[in-house]
Structures are given as C-alpha cells and as structure tokens.
Amino acid sequence: MAKDKFDTFMSQYSSGNSLGTVVESEKRGTSEKEHRSNGPAVQTAITADQRRALAEARNVNRGRPATGAMKEEKTRIGFEVNAALAAEFKQISYKTGIPFGQLYTEAMADLVRKYNSK
C-alpha cells in the first residue's frame, strides 16, 4: 500500500531533514534519496562522544554574566550556503568540539583580516 503525501512528508521530516529541505524537494519533485545524494561525498558518522563534547562546549558560556561583567554586543546574521559546505562545516564543529557560533566568528575574523590586508 502506497503512503499518502502526509506520511511521506513526515518520514522525510523525521529522518533529520529540515522543514525547508522537505518542502523544497516536494516542489521540485525530487525524492529524499536524490536530495541526500547532493550532499558531501564523504560524510563520517558523528560519535556520541563528539556530540557530548560539543554539547558541553555550548554550555560553557550559557547563563547570566558574572556580576560587574560587561556582555559583548552582538548582532544576528543569516545567510544561505551550499549544502555540502554546510555539512563539512558541521563535521568540523563535531570533530573539534567547537560550537558553530565560535567557528563562524573565527571564520569571519579571518576573512576580515584577509581582505583588510589587501
């Protein structure tokens, strides 16, 4: 018996795809298998220890700042990137145990240094 559209949608969404990915693949008529084949060619499995280390690193700076400490002013930035590049970036985060935010900040600082030196 064939699945209805809702069952197909929920199976794709529950398998780890983002809502946008599932919706876009439905619009294009691509299957989940075809969509996943567009990712990086080599993707290593993330171990439980890597997940735990990253979770601990994310929790280091959570909570209220210490009494008298000045909180750094930040701004939110959003942009789209190639799916393969994003997957590789995610792998780096898990391998190093450094949260995404810190990696983004480091990458942006490197880019600013690179283009300011020219």
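Structural data are supplied above this passage.
Below, the structure is looked at part by part. Everything numeric here is computed off the predicted structure, so don't read it as measured data. (Residues numbered from 1 in each chain as written. Predicted model: local features only at pLDDT ≥ 70, side-chain atom pairs only at ≥ 80, totals over all residues. Heavy atoms only, no water.)

## Considering the overall build of the protein
Thought 1: A count of helical and extended segments in the protein gives six helices and zero strands.
Thought 2: Starting at the N terminus, the α and β elements of the protein follow one another as α-α-α-α-α-α.
Thought 3: Across the protein, the fraction of contacts at a sequence separation of at least 24, relative to all contacts at a separation of at least 6, is 47%.
Thought 4: For the protein, the exposed surface amounts to about 10200 Å²; the carbon and sulfur share of it is 55%. (Helix = DSSP H or I, 4+ residues; strand = E, 2+ residues; numbered from the N terminus. Contact = heavy atoms within 4.5 Å. Areas by Shrake-Rupley, 256 points an atom, 1.4 Å probe, with all protein chains shown as cover.)

## Remarks on the packing of helix α4 (residues 48-59) against helix α5 (residues 83-96)
Thought 1: Orientation of α4 relative to α5, taken along the N-to-C sense of each, is 85°, at an axis distance of 7 Å. By the angle between their axes, α4 is roughly perpendicular relative to α5. Here α4 contributes Gln50, Arg51 and Leu54 to the contact with α5, which in turn contributes Ser93, Tyr94 and Lys95.
Thought 2: Residue composition of the contact of α4 with α5, by class: two nonpolar, two polar and two charged. (Axes fitted to C-alpha atoms, helices over the stretch in contact; angles between N-to-C directions. Parallel < 35°, antiparallel > 145°, perpendicular 65-115°, else oblique. Nonpolar A, V, L, I, M, F, W, Y, C, P; charged D, E, K, R; others polar.)

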